[in-house]
Amino acid sequence: MEAWRCVRRGYSCCAVGRGRYPMLPYHLQSLGRDRITPWDFSQRFCWNRHISSCMRWPGNYSWAPYPYLSSQHCQLNWRPPCLFLPNRSQFQHWNWRPDNFAHTSLFHLSSYIMDSEGDKTSSKRQKTQGVIKRHWEYLCHHNKENMKILGDKHVDQKYKDEKEKFEFSVMSYNILSQDLLEDNSYLYRHCRKPVLIWGFRFPNILREIKHMDADILCLQEVQEDHYRKEIKPNLESLGYHCEYKMRTGRKPDGCAICFKCSKFTLLSANPVEFYRRDIPLLDRDNVGLVLLLQPKFHCTVSPICVANTHLLYNPRRGDIKLTQLAMLLAEISSVAHQKDGTVCPIIICGDFNSVPGSPLYSFIKEGKLNYEGLAIGKVSGQEQSPRGQRILSIPIWPPSLGISQNCVYEIPQVTRVEKAEEIDVTQEHLEKPEVLVAAKKLSSNLHHHFSLSSVYSHYLPNTGIPEVTTCHSKNAVTVDYIFYSTEKEAINTQQGTEVALVGGLKLLGRLSLLTEEDLWTVNGLPNENNSSDHLPLLAKFRLEL
């Protein structure tokens, strides 16, 4: 009863006697980590940190904040219904939502929770003692309506036959290499030091992976020693097969693709190294990884090509970023093309270090880019006022790379210069044909033949506020993506919800992203519950067989 007497007197009290704290319902106050949250009418309540660490809230959730209500806004004879009932077990699956409070003021307590679309909330997150709530966004109904508009009876029949559907989920997650964290500690000055220790971070990352339970994992910044000793053994114990490609330079991290052995068989694993000793432009050690996976129990269906990469960060080297992307697309093209001439479904995940709407992003989505006159610092869109205005050269990469402007491997061709060398002409004569060839053949247009869509729309639908995938002391932007191949129809559809015809991929749903404001309510990233400076991306697909 001591706790209730304190409530009636306008105080909050810790259940184990750590002291009393005055409740201030009319002003936003900070009491350690306490928060005062307004309700739809004049009532307010306090999230008290101390009580959450010493009292178990009725329900099946973990340690959670406890609401204290000011006597100025509640009748004195009112009692929270769950405080004084002796039998807690009957409330084991019950969320405390007083009927006489506004329905928008929920304190649904959990970690990453994937809500059904029936849960109506006013925003994409709810703060519960440093825990962000992300919900599941279903896109299936929207696509079904579009299928009806198309009026394709053959396609409709495919949807009706459950045996001809193969559904799977994909997660992309930059888990933040510990070495990179320590080398760039200035990015994490907002964090408490204990949350930056690998021994604290890895259990949280593993918990997220277990909770999301994706069929395919695409991980970036995977440190080699952690991968070998901890990450791979733990994932294998969860039923995953793991493939890994470490960077070629001094930094000991890389990319990993892991898939559930119960759903896929590995047909081929193809690492991509972006470093080329003989090409000065390609002096960076970023890598990619491309797998060809065969869905189990569906041997007659086309395999799925899954790619993962982490492109160069440097905002001022758009030339390197575009070249690395072209190399990845060339490898994907080589792997995805089947013997019968068809191209299998494609999923591309990774940290592209480019923002939505940038030239690099647009090139992925639209399949074309004219880079003539484009400043090298504007390619990724990371800087509003790029330092230096050096223009991209034409071509961006030399012919010796063996990749065409269509981002496919090409057979090396003998140049007119090489032929001239065979007949032993002078250097003066050599230079003239070289210029003529460049003027005649070279173009500033890049192309790729994939039809790719982004899983995410990158902006909140109602407000237009940007979503973000990374948040640290210096910046909060979207740089992580899941792209997938689909046939785009000539009808107005929301980004990320295009219809896939028979034999293609259909996006069924995705785990919602957050805004910068959302993330700073839990002190940005990393924090006590989210142990990377990136958010994991999660999407579910259906493969039409």
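No experiment lies behind these values; they were computed from the predicted model shown. Along each chain, numbering runs from 1 in the same order as the chain's sequence is written. Under the rules for a predicted model, residues below a pLDDT of 70 receive no local features and side-chain atom pairs below 80 are neither given nor counted, while totals for whole chains, interfaces and linings still include all residues. Values reported for side chains reflect all heavy atoms of the structure, with hydrogen atoms and water molecules removed beforehand.

Here we come to the sheet that holds strand β14 (residues 346-351). The mixed open sheet is built from six strands, whose spatial order is β11-β12-β13-β14-β20-β17. Looking along the sheet, the strands with just one partner apiece sit at the ends: β11 (264-273) and β17 (452-454). The average angle at which neighbouring strand axes cross in this sheet is 20 degrees, direction not considered. Across the sheet, helix α9 (residues 359-366) lies against β17 and β20 (480-485), angled at about 125 degrees from β17, the strand it touches most. In this scheme, strands are said to pair when DSSP sees at least two bridges between them. Labels follow the DSSP assignment, with helices taken as runs of H or I lasting at least four residues and strands as runs of E lasting at least two, numbered in each case from the N terminus. Only the contacting stretch of a helix is used when fitting its axis, a line to C-alpha atoms as for every element, and angles between N-to-C directions run 0 to 180 degrees. In what follows, a contact means two residues having at least one pair of non-hydrogen atoms within 4.5 Å.

Let us now look at unusual backbone geometry. P395 follows I394 through a cis peptide bond whose omega is 0 degrees. Here P395 shows up in the loop between β15 (368-370) and α10 (416-422). At the junction of L525 and P526, the peptide bond is cis and its omega measures out at -10 degrees in the coordinates. Mapped onto the fold, P526 is located in the loop between α12 (516-520) and β22 (537-544). Positive phi values are uncommon outside glycine, yet H458 reaches one of about 75 degrees. Note on placement: H458 falls in the loop between β17 and β18 (470-471). The phi dihedral of N523 is positive, around 65 degrees, even though this residue is not glycine. Mapped onto the elements, N523 comes out in the loop between α12 and β22. Here N523 falls in the partly exposed class, since its relative accessible area comes to 33%. Exposure categories follow from relative accessible area, calculated using a 1.4 Å probe and restricted to protein chains: below 20% of the type maximum is buried, above 50% is exposed, and the middle band is partly exposed.

Take the pairing of strand β7 (residues 165-174) next. Here β7 lies mainly inside the structure; nine of its 10 residues are buried. When β7 meets strand β8 (residues 216-223), the two strands line up parallel, connected through five bridges. From the neighbouring strand, S172 faces β8, where its bridge partner is C218.

What follows covers the packing of aromatic side chains. We describe a pair of aromatic rings using the distance from one ring centre to the other and the angle between the two ring planes. Only rings of Phe, Tyr and Trp enter the pairing, Trp through its six-membered ring, and a pair is recorded when the two centres are within 6.5 Å. The plane angle decides the type: under 30 degrees is stacked, over 60 is edge-to-face, the rest tilted. Applying the stated criterion across every chain, the model contains 13 aromatic pairs. Here the aromatic rings of F168 and F264 are separated by 5.8 Å at their centres, their planes lie at 90 degrees, and the arrangement is edge-to-face. Of this pair, F168 sits in strand β7 while F264 sits in strand β11, and the two are 96 residues apart along the sequence. Summarising the burial analysis for this pair, F168 and F264 share the class buried. With centroids separated by 4.3 Å and ring planes inclined at 15 degrees, the aromatic side chains of Y227 and Y244 adopt a geometry described as stacked.

Take the pairing of strand β9 (residues 240-246) next. Working note: regular strand, side chains alternate between the two faces of the sheet. With five of seven residues buried, β9 lies mostly within the body of the structure. Where β9 lies against strand β10 (residues 253-260), seven bridges are found, and the strand directions are antiparallel. Each residue of the ladder has a partner; that of E243, found in β10, is I257. Turn length for the β9-β10 hairpin, with the two strands adjacent in sequence and antiparallel, is six residues.

Next up on the list: the sheet that holds β9. Pairing within the open sheet is mixed, and its seven strands lie in the order β6-β21-β22-β7-β8-β10-β9. Every interior strand has two partners, whereas the edge strands, β6 (136-138) and β9, have only one. Along the sheet, successive strands turn relative to each other by an average axial angle of 25 degrees, direction set aside. Pairing of β6 with strand β21 (residues 505-511) involves three bridges; the strand directions are antiparallel. Residue pairing for β21: W136 is matched across the bridge by L511. Set on the sheet, helix α6 (residues 198-212) makes contact with β7, β8, β21 and β22; between it and β7 the angle comes to about 165 degrees. Across the face of the sheet, helix α7 (residues 224-237) comes into contact with β8, β9 and β10 while running at roughly 165 degrees to β9.

On to α6. Each helix should span, by expectation, one fewer than its residue count multiplied by 1.5 Å. In this model α6 runs 21 Å from its N-terminal to its C-terminal C-alpha over 15 residues, within 8% of the 21 Å that 1.5 Å per residue would give. The set of residues buried in α6 consists of W198, R201, F202, N204, I205, L206, E208, I209 and M212. Elements in contact with the buried residues of α6: β7, α5 (178-183), β8, α7, β21 and β22. A positive phi of about 55 degrees marks D213, the residue just after α6.

Before going further, it helps to examine the pattern of salt bridges. A side-chain nitrogen of Lys or Arg and a carboxyl oxygen of Asp or Glu constitute a salt bridge if their distance falls within 4 Å. One pass over the full model with this rule turns up 15 salt bridges. Where K260 meets D215, a salt bridge forms, and the shortest distance between an N and an O atom there is 3.9 Å. Note that K260 is positioned in strand β10 and D215 in the loop between α6 and β8, a separation of 45 residues in sequence. Look at K260 and you get buried, because its relative accessible area is 13%. Accessibility expressed as a relative area gives 8% for D215, which makes it buried. Between D285 and R247 there is a salt bridge; the shortest N-O distance is 3.0 Å.

Turning our eyes to something else, we now look at the confidence of the model for the protein. Per-residue confidence from the predictor is reported as pLDDT, a score between 0 and 100. Scored by pLDDT, the protein comes out at a mean of 76, with 63% of its residues at no less than 70. A low-confidence stretch, residues 142-156 stays under pLDDT 50, and its non-local contacts, those more than four residues away or across chains, total 23 contacts.

Turning next to the side chain of H310. Counting through the fold element by element, H310 comes out in strand β13 (residues 304-310). You can call H310 buried: its relative accessible area is 11%. Once you skip the residues sitting within four places of it in the chain, H310 turns out to touch N174, Q220, E221, C255, N286, V287, D351 and N353.

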